[in-house]
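# Summary of structural features
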Amino acid sequence: MIMRVMGEGQFEVGDAHLNRLNELDEELLGALESGDEGHFRRALGELLGAVKKFGTPLPDDSLEPSDLILPDADATIDEVRQLLRTEGDGLIPGIPEYE
């Protein structure tokens, strides 16, 4: 799966890591619901860190379509809430065969 982190580029993440990324996405959703800025910052940082840890960066000149787009680390709670309104199922949609 190809994930774009806004402002940082694309990362190809193997299927074996999607469950962990979904867990981190759920943590981020909980932080958004609570409105706790510190919790939100930690959860977003952990999610983006995991994408970078488990993913392989694609070259800057690569023109691969992204399967999903994640906010950058400086995104606000309101910006991430807006992304969720368009995505609907968290930032990383659940994929039944990996749940």
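Our subject is the structure listed above.
Predicted model, so just to flag it, every value in this text is computed and none were measured.

For strand β2 (residues 9-13), a buried count of 4 out of 5 residues is recorded, marking the element as mostly surrounded by other parts of the structure. Note that strand β1 (residues 2-5) and β2 share 4 bridges and pair antiparallel. If you follow Met-3 over to β2, its bridge partner there is Phe-11. Linking two consecutive strands that pair antiparallel, namely β1 and β2, is a turn of 3 residues; a positive phi of about 80 degrees is found at Gly-7 within it. In this sheet, strand β3 (residues 55-57) lies alongside β2 in antiparallel orientation, the contact comprising 3 bridges. Counted as the bridge partner of Val-13 is Gly-55 from β3.

All right, on to the pattern of salt bridges then. Inspection of every chain in the model, using the stated rule, returns 4 salt bridges. A salt bridge links Asp-78 to Arg-81; its shortest N-O distance comes to 3.6 Å. One end of the pair, Asp-78, and the other, Arg-81, are both in helix α3 (residues 77-87), 3 residues apart, so they sit about a helical turn from each other.

Okay, the side chain of Gln-10 next. By the secondary structure assignment, Gln-10 is in strand β2. Residue classification places Gln-10 among the buried residues on the basis of a relative accessible area of 5%. One polar contact links Gln-10 to Ser-66, side chain to side chain, over a distance of 2.8 Å. Excluding anything up to four places from it in sequence, Gln-10 contacts Ile-2, Met-3, Arg-4, Thr-56, Pro-57, Leu-58, Ser-62, Glu-64, Pro-65 and Ser-66.

What links the strands of a sheet is backbone hydrogen bonding, and the strands pair in either a parallel or an antiparallel sense. In spatial order, the strands read β3-β2-β1-β4; together these 4 strands make up an open sheet with mixed pairing. Each of the sheet's edge strands pairs with one partner strand only, and the pair in question is β3 and β4 (68-70). Strand-to-strand twist of the sheet, defined as the mean angle between neighbouring strand axes without regard to direction, takes the value 35 degrees. Along the sheet, helix α2 (residues 37-54) makes contact with β1, β2, β3 and β4, crossing β3 at roughly 75 degrees.

Moving on, we get to the environment of Leu-47. Tracing the backbone through its elements, the reader meets Leu-47 in helix α2. Looking at Leu-47, the relative accessible area reads 0%, which means it is buried. The sequence separation of Leu-47 and Glu-26 amounts to 21 residues, and the corresponding C-alpha distance is 9.8 Å.

Here we come to helix α1 (residues 18-34). Compared with the 24 Å implied by 1.5 Å per residue over 17 residues, the 24 Å span of α1 between its first and last C-alpha is a close match. Among the residues of α1, Leu-18, Leu-21, Asn-22, Leu-24, Asp-25, Leu-28, Ala-31 and Leu-32 are the ones counted as buried. At the C-terminal side of α1, Gly-35 shows a positive phi close to 75 degrees.

With that settled, the discussion passes to the packing of α1 against α2. Contact geometry for α1 and α2: axes closest at 8 Å, N-to-C directions at 160 degrees. Classified by the angle between their axes, α1 and α2 sit roughly antiparallel to one another. In the packing of α1 onto α2, the handedness of the crossing is left-handed. For the pair formed by α1 and α2, the contact residues are Arg-20, Leu-21, Leu-24, Asp-25, Glu-27, Leu-28, Gly-30, Ala-31, Leu-32 and Ser-34 on the first element and His-39, Phe-40, Ala-43, Leu-44, Glu-46, Leu-47, Ala-50, Val-51 and Phe-54 on the second. Of the residues belonging to the contact of α1 with α2, the class tally is 12 nonpolar, 3 polar and 4 charged.

Rules used throughout
- Residues numbered from 1 in each chain as written.
- Predicted model: local features only at pLDDT ≥ 70, side-chain atom pairs only at ≥ 80, totals over all residues.
- Heavy atoms only, no water.
- Buried < 20%, exposed > 50% of the residue type's maximum accessible area, 1.4 Å probe, protein only.
- Helix = DSSP H or I, 4+ residues; strand = E, 2+ residues; numbered from the N terminus.
- Pairing = 2+ DSSP bridges.
- Salt bridge = Lys/Arg side-chain N within 4 Å of Asp/Glu carboxyl O.
- Polar contact = N/O pair within 3.5 Å; in protein donor to acceptor, adjacent residues only side chain to side chain.
- Contact = heavy atoms within 4.5 Å.
- Axes fitted to C-alpha atoms, helices over the stretch in contact; angles between N-to-C directions.
- Expected span 1.5 Å × (residues − 1).
- Parallel < 35°, antiparallel > 145°, perpendicular 65-115°, else oblique.
- Left-handed = near helix turned anticlockwise from the far one by under 90°.
- Nonpolar A, V, L, I, M, F, W, Y, C, P; charged D, E, K, R; others polar.

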